[in-house]
Amino acid sequence: MKFTKASPLKGEITIPGDKSISHRSVMFGSIAKGTTEISHFLQGADCLSTISCFKKMGIQIENNQDTVIVHGNGLRGLKKPETILDCGNSGTTTRLISGLLAAQDFDVTLTGDESIQKRPMKRIMEPLSLMGADIKSVKENGCAPLSISGKKLHGIHYTSPVASAQIKCCVLLAGLYAEGETKLTEPYVSRNHSEIMLNYFGANVKTEGTTACIAPAEELYGNKIVVPGDISSAAYFIAAGLMIPGSELLIKHVGINPTRDGIIHVCRDMGADITLLEVNTDSGEPTADILVKSGSLHGITIGGAIIPTLIDELPIIAAMACLAEGETIIRDAAELKVKESNRIEVMVRNLSAMGADVEETEDGMIIRGGKPLRGAVIDSKLDHRIAMTFAVAGLCAEGETEILGAECVNISYPGFYQDLERLMK
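To keep things clear, this report deals only with the structure shown in the data block. Treat the numbers as computed from the prediction; the structure is a model and nothing was measured. (Residues numbered from 1 in each chain as written. Predicted model: local features only at pLDDT ≥ 70, side-chain atom pairs only at ≥ 80, totals over all residues. Heavy atoms only, no water.)

**Regarding the sheet that holds strand 14 (residues 224-226)**
So, step 1. Spatial strand order, 4-5-3-14: four strands in an open sheet with mixed pairing. Because the sheet does not close on itself, it has two edges, and the strands there are strand 4 (60-64) and strand 14. In this sheet, neighbouring strand axes are inclined to one another by 15 degrees on average, regardless of whether the strands run parallel or antiparallel.
So, step 2. Across three bridges, the pairing between strand 3 (residues 33-39) and strand 14 is parallel. Bridge assignment links Glu37 to a residue of strand 14, and that residue is Lys224.
So, step 3. Each of strand 3, strand 4, strand 5 (67-73) and strand 14 touches helix 1 (residues 19-30); the most contacted strand, strand 5, lies at about 30 degrees to it.
So, step 4. Against the sheet, helix 2 (residues 45-56) contacts strand 4 and strand 5, and its axis sits at roughly 150 degrees relative to strand 4. (Pairing = 2+ DSSP bridges. Helix = DSSP H or I, 4+ residues; strand = E, 2+ residues; numbered from the N terminus. Axes fitted to C-alpha atoms, helices over the stretch in contact; angles between N-to-C directions. Contact = heavy atoms within 4.5 Å.)

See below:
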């Protein structure tokens, strides 16, 4: 894909469904009794990997594009798959499903694509093993493929070294089947979609501070889920609206869960003109329409407890910082190194190629803003967040920006380029 400097963006856009919530709705619906109807489901490759895995375990799932219907077999109704479960590029699928599989009465092997086979899995293997699980890295390198032999589990109180919703949900799902309570404490509160939705399906999850606690369940029950727009996908349009002079965008029905809305706080701290309209807090997942108007931005320091609320948005925040006046420091973000790519290294290399003054640090980066960006050839490393970030950066740069591996956006946002183009007309 090639991009050149854009005229102001104008109009309204509805963002695809939240990736985290789409994954969980299929997983929880599959182990619930009865039917779960999911509206505004994200038809990205990652979420389709989750559907595929549960179909292989005997769950009937009807995918009618915007609506997905899951015919759950109950908490103990999963069946041994006849083949290896392929999680594709999805770390969420791999890590969350491991918690479920650890407690089943069958053996299974999980694998994924080349990227997944490099991503760290010891972070879930350790707590699951402490619960009595039999989970091994087939290549003995702490990565997928994973071999899991279902066992009886017991509750533990695990202190996670990192704030990660994937680790937390993995342990909570195992805790559904364990003897006694299961607790997990993390350094900061990560995304809480699992806690909200598990309780909605009939589980008993309690939270206090940074600790989540789950009691073993007799049964979960199917439900109706309306998936809000994904704020991680909305972030690229928020940034485009702020970075391209004269732009004004309304992004409809976006999830603004307080464990996910760090992008809004950071943009406002940078001086952005952002207004939340039609705020709805009736369901467990609050939503709003986000009105964005372009304007001048200034550098800030980003770190600490806000990082887990915007970890996926840090690449596009770094791009925004290049056009802001002054210095922006991103720290406490070492988790970026173990995503689909090493996002710190990839961002620094590609932003530097576009003429930005950016420096890599051990746990983040320093960006000295105010220098104009110029077009460059960008290697996305097949990382969807990187590709979308540089599509937006390319609209703000002089000359032509070419993105290699641009099709990787299908992982989380299949229609991204078309939606971006529509707002330029």
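**Describing the packing of aromatic side chains**
So, step 1. The final tally for this structure, using the stated rule, is eight aromatic pairs.
So, step 2. Considering the side-chain rings of Phe28 and Phe201, the 6.3 Å spacing of their centres and the 85 degrees angle between planes classify their relative orientation as edge-to-face. Taken as a pair, Phe28 in helix 1 and Phe201 in the loop between helix 6 (193-200) and strand 12 (205-208) lie far apart in primary sequence, 173 residues in all. The pair Phe28 / Phe201 is uniform in exposure class, with both members buried.
So, step 3. Their ring planes at 75 degrees and their centres at 5.9 Å tell us that Tyr236 and Phe416 sit as a pair that is edge-to-face. With a gap of 180 residues between them, Tyr236 in helix 7 (residues 231-243) and Phe416 in helix 12 (residues 416-422) connect regions that are remote in the sequence. (Phe/Tyr/Trp six-rings, centres within 6.5 Å; stacked < 30°, edge-to-face > 60°. Buried < 20%, exposed > 50% of the residue type's maximum accessible area, 1.4 Å probe, protein only.)

**Describing the nonpolar core**
So, step 1. Ranked by size, the top nonpolar core spans 81 residues in total, and within it Phe237, Ile251 and Phe416 carry the most contacts.
So, step 2. Here the element with the most residues in this core is helix 7; it accounts for ten residues.
So, step 3. Residue contacts for Ile251: discarding those within four places in its chain leaves Ile13, Ile15, Ala234, Phe237, Ile238, Ala288, Asp289, Ile290 and Val292.
So, step 4. With 67 residues, the next largest nonpolar core counts Leu78, Ile156, Leu172 and Val227 among its residues. (Core = buried A, V, L, I, M, F, W, Y, C linked by side-chain atoms within 4.5 Å.)

**With respect to the pattern of salt bridges**
So, step 1. What the rule picks out here adds up to 23 salt bridges.
So, step 2. A salt bridge links Arg260 to Asp230; its shortest N-O distance comes to 3.0 Å. With Arg260 in the loop between strand 15 (248-255) and helix 8 (262-269) and Asp230 in the loop between strand 14 and helix 7, this pair connects stretches of sequence that are 30 residues apart.
So, step 3. With relative accessibility at 2%, the residue Arg260 sits in the buried group.
So, step 4. For Asp312, the salt bridge goes to Lys339, with nearest N and O atoms at 3.6 Å. With Asp312 in the loop between strand 18 (301-302) and helix 9 (314-323) and Lys339 in the loop between strand 19 (327-330) and helix 10 (343-353), this pair connects stretches of sequence that are 27 residues apart.
So, step 5. Overall, Lys339 belongs to the buried group, its relative accessible area being 16%. (Salt bridge = Lys/Arg side-chain N within 4 Å of Asp/Glu carboxyl O.)

**What to know about the state of the cysteines**
So, step 1. Scanning all chains against the criterion turns up zero disulfides.
So, step 2. Cys47 carries a free sulfur, and the closest cysteine sulfur to it, the one in Cys53, is 12 Å from it.
So, step 3. A relative accessible area of 0% places Cys47 in the buried class.
So, step 4. Free cysteine Cys322: the closest other cysteine sulfur is in Cys396, separated by 10 Å. (Disulfide = S-S within 2.5 Å.)

**Remarks on the sheet that holds strand 17 (residues 287-293)**
So, step 1. Taken together, four strands build an open sheet; the order of strands is 2-15-17-16 and the sheet is mixed. Edge strands, defined here as strands with exactly one partner in the open sheet, are strand 2 (10-14) and strand 16 (273-280). Recorded for the sheet is a direction-independent mean angle of 15 degrees between the axes of neighbouring strands.
So, step 2. The sheet contact formed by strand 2 and strand 15 spans five bridges and is parallel. Residue pairing across strands places Ile13 opposite Ile251, the latter belonging to strand 15.
So, step 3. Relative to strand 15, helix 7 is tilted by about 165 degrees, and along the sheet it contacts strand 2, strand 15, strand 16 and strand 17.
So, step 4. Helix-sheet contacts for helix 8 involve strand 16 and strand 17, and the interaxial angle to strand 16 is about 145 degrees.

**Comments concerning the side chain of Arg119**
So, step 1. Turning to its location among the elements, Arg119 is positioned in the loop between strand 7 (107-111) and helix 4 (122-130).
So, step 2. Setting aside residues up to four positions removed in sequence, Arg119 forms contacts with Asn89, Gly91, Arg95, Gly142, Cys143, Val338, Lys339 and Glu340.

**A word on the pairing of strand 7**
So, step 1. In the sheet, strand 6 (residues 85-86) pairs with strand 7 via two bridges, with the strands oriented parallel. Residue pairing across strands places Leu85 opposite Leu110, the latter belonging to strand 7.
So, step 2. After leaving strand 6, the chain enters helix 3 (residues 91-101) and then returns to the sheet as strand 7, a path that is right-handed.
So, step 3. In terms of strand pairing, strand 7 meets strand 9 (residues 146-149) through four bridges, oriented antiparallel. If you follow Thr109 over to strand 9, its bridge partner there is Ser147. (Right-handed = clockwise from strand over helix to strand, strands pointing away.)

Honestly, it's all geometry; don't read function into it.
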